[in-house]
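Examination of the molecular architecture
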Amino acid sequence: MQILIHSADAEQWQTAIAKALPKAKVITSDAALEERQDADYLVAWQPPGWLFEEQQALKGIINLGAGVDALLNNPALPAGIPIVKLRDAGMADPMIDYVRYAVLHFQRDFDHYARQQARRQWLERPLASKAEWGIGVLGLGAIGARVAQALAADGFPVHGWSRHPKALDGVRCYHGKEGLATLLGQVKSLVTLLPNTPATRGIINAETLAALPQGASLINPGRGSLIDEAALLDALGPANAETGGGKDDGNGDTGRLRGAVLDAFAREPLPAESPLWRHPHVLITPHMAAPTPRGAALEQVIDTLRAWQAGEQVPSIDPSAGY
Ligand code: OXD
């Protein structure tokens, strides 16, 4: 079995896979062409088109992440090859931490306190009750479901939304267009954890943002394509670093949306000229919410390679659904 690895940390993956599968030939995409040609399996994160063009014998691809959008949007990806993605693989825990931090940022008023600090203002705000802080989680896949249930266990009322009906203990689940509208009206923080597919592109737009209650917040550790960035900026209101907005309402909140915590963008790295960088109500992180921990991911990668080698079927993604 010949395995080709393509990722920023390909050498570490190479060492770990070679140790677990001593009979396999494991090479990285940096190897010479004659070395890396005719691989049976590709283990990769965001592989370039040329890699597919030169590989003619691929029998399976393992995506070193949860989102397969970069792979499916690659025009050189050959059709009909099974693609297996990482499922949770230790990513849910850091994602839960990220979302919890972002929710508390708004529920415990850290955004307002940061602006008060800039004004040297000592003013305690009334504590918003968790029980009245509805959270919407769009996307109830392996990671979204864990996030929704963790927040519910923290004491927040959690509303989850998925394309198809789902049931999750402790989470009020909705689906479809009507379900989305019902959910949006009830949440103070909206968390987007949907995959990037034609059906989810721009799902957070002027219409959906207008359906949120005044003063709601947006948390996007999912995919940048979910958000219409112009509509988001519009909903955030004018950026004025002094007051936190244009016409200050005392909290520095001027838009329909109180603020946003964003980890994923339509273009990454987020271009320097993006007005999001400068908006005082936006907290930006560089797609770091849930890095793939190699230990747990390695187990899934090895299990998949062993099953393929034994001629077994492994649940693969549905390219037409995009996840
Ligand atoms: C992923 C990611 O899809 O890190 O795993 O974005």
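Further up the page is the structure itself.
What counts, and at which threshold
- Residues numbered from 1 in each chain as written.
- Predicted model: local features only at pLDDT ≥ 70, side-chain atom pairs only at ≥ 80, totals over all residues.
- Heavy atoms only, no water.
- Buried < 20%, exposed > 50% of the residue type's maximum accessible area, 1.4 Å probe, protein only.
- Helix = DSSP H or I, 4+ residues; strand = E, 2+ residues; numbered from the N terminus.
- Pairing = 2+ DSSP bridges.
- Near = heavy atom within 4 Å.
- Polar contact = N/O pair within 3.5 Å; in protein donor to acceptor, adjacent residues only side chain to side chain.
- Areas by Shrake-Rupley, 256 points an atom, 1.4 Å probe, with all protein chains shown as cover.
- Nonpolar A, V, L, I, M, F, W, Y, C, P; charged D, E, K, R; others polar.
- Salt bridge = Lys/Arg side-chain N within 4 Å of Asp/Glu carboxyl O.
- Core = buried A, V, L, I, M, F, W, Y, C linked by side-chain atoms within 4.5 Å.
- Contact = heavy atoms within 4.5 Å.
- Axes fitted to C-alpha atoms, helices over the stretch in contact; angles between N-to-C directions.

1. So, the pairing of strand E11 (residues 257–262)
Of all the six residues making up E11, six are buried; the element is thus mostly covered by neighbouring parts of the structure. Here strand E10 (residues 216–220) pairs with E11 via five bridges, running parallel. Its bridge partner being in E11, Asn-220 is matched across the sheet by Leu-262. Pairing geometry for E11 and strand E12 (residues 282–284), over three bridges, is parallel.

2. Considering the site of the ligand
The full set of residues close to the ligand is Trp-45, Gly-65, Ala-66, Gly-67, Met-91, Arg-223 and His-287. A distance of 2.7 Å is found between an oxygen atom of the ligand and a backbone nitrogen or oxygen belonging to Ala-66. In the environment of the ligand, an oxygen atom lies 2.7 Å from a nitrogen or oxygen atom belonging to the backbone of Gly-67. Taken by itself the ligand offers 210 Å² of open surface, and the protein chains cover 85% of this. The class makeup of the residues in the shell around the ligand is three nonpolar, three polar and one charged.

3. Details of the pattern of salt bridges
Scanning all chains against the criterion turns up 10 salt bridges. We note a salt bridge from Arg-258 to Asp-109, for which the minimum N-O separation is 2.9 Å. Of this pair, Arg-258 sits in strand E11 while Asp-109 sits in the loop between helix H5 (92–107) and helix H6 (110–118), and the two are 149 residues apart along the sequence. Side by side, Arg-258 and Asp-109 carry an identical accessibility label, which is buried. Asp-111 serves as the salt-bridge partner of Arg-258, at 2.8 Å between the closest nitrogen and oxygen. Of this pair, Arg-258 sits in strand E11 while Asp-111 sits in helix H6; the two residues are 147 residues apart in sequence, bridging distant segments of the chain. There is no split in this pair, since Arg-258 and Asp-111 are both buried. Bridged by salt links that share partners, the residues Asp-88, Asp-93 and Arg-146 form one connected network.

4. Some details on the nonpolar core
Ile-3, Ile-17, Val-43, Val-137, Val-301 and Leu-305 are the most contacted members of the largest nonpolar core, which has 53 residues in total. Among the elements of the structure, strand E1 (2–6), helix H1 (10–20), strand E3 (41–44), H5, strand E6 (135–138), helix H7 (142–153) and helix H11 (294–309) are those that each provide at least two residues to this core. With residues near it in sequence (within four places) discarded, Ile-17 still touches Ile-3, Ile-5, Val-26, Val-43, Leu-298, Val-301, Ile-302 and Leu-305. Within the second largest apolar cluster, 28 residues are counted, among which are Leu-194, Ala-216, Leu-232 and Phe-265.

5. A few points about the environment of Ala-128
Structurally, Ala-128 is set in the loop between H6 and E6. Residue Ala-128 is classed as partly exposed on the basis of its relative accessible area, which comes to 25%. Along the sequence, Ala-128 and Phe-106 sit 22 residues apart, while their C-alpha atoms lie 9.5 Å from each other. The contacts of Ala-128, once residues within four sequence positions are left out, are Gln-107 and Trp-133.

6. Details of the sheet that holds E12
Across the sheet, which stays open at both edges, the seven strands sit in the order E8-E7-E6-E9-E10-E11-E12 with parallel pairing between neighbours. Of all strands in the sheet, those with a lone pairing partner are strand E8 (172–175) and E12, marking the two edges. Taking each pair of neighbouring strands and ignoring which way they run, the sheet shows an average axis angle of 15 degrees. Here four bridges tie E6 to strand E7 (residues 158–162), and the two strands are oriented parallel to one another. Its bridge partner being in E7, Gly-136 is matched across the sheet by His-159. Packed on one face of the sheet, helix H10 (residues 229–236) meets E10, E11 and E12 and runs near 140 degrees to E11.

These figures capture arrangement, not role.
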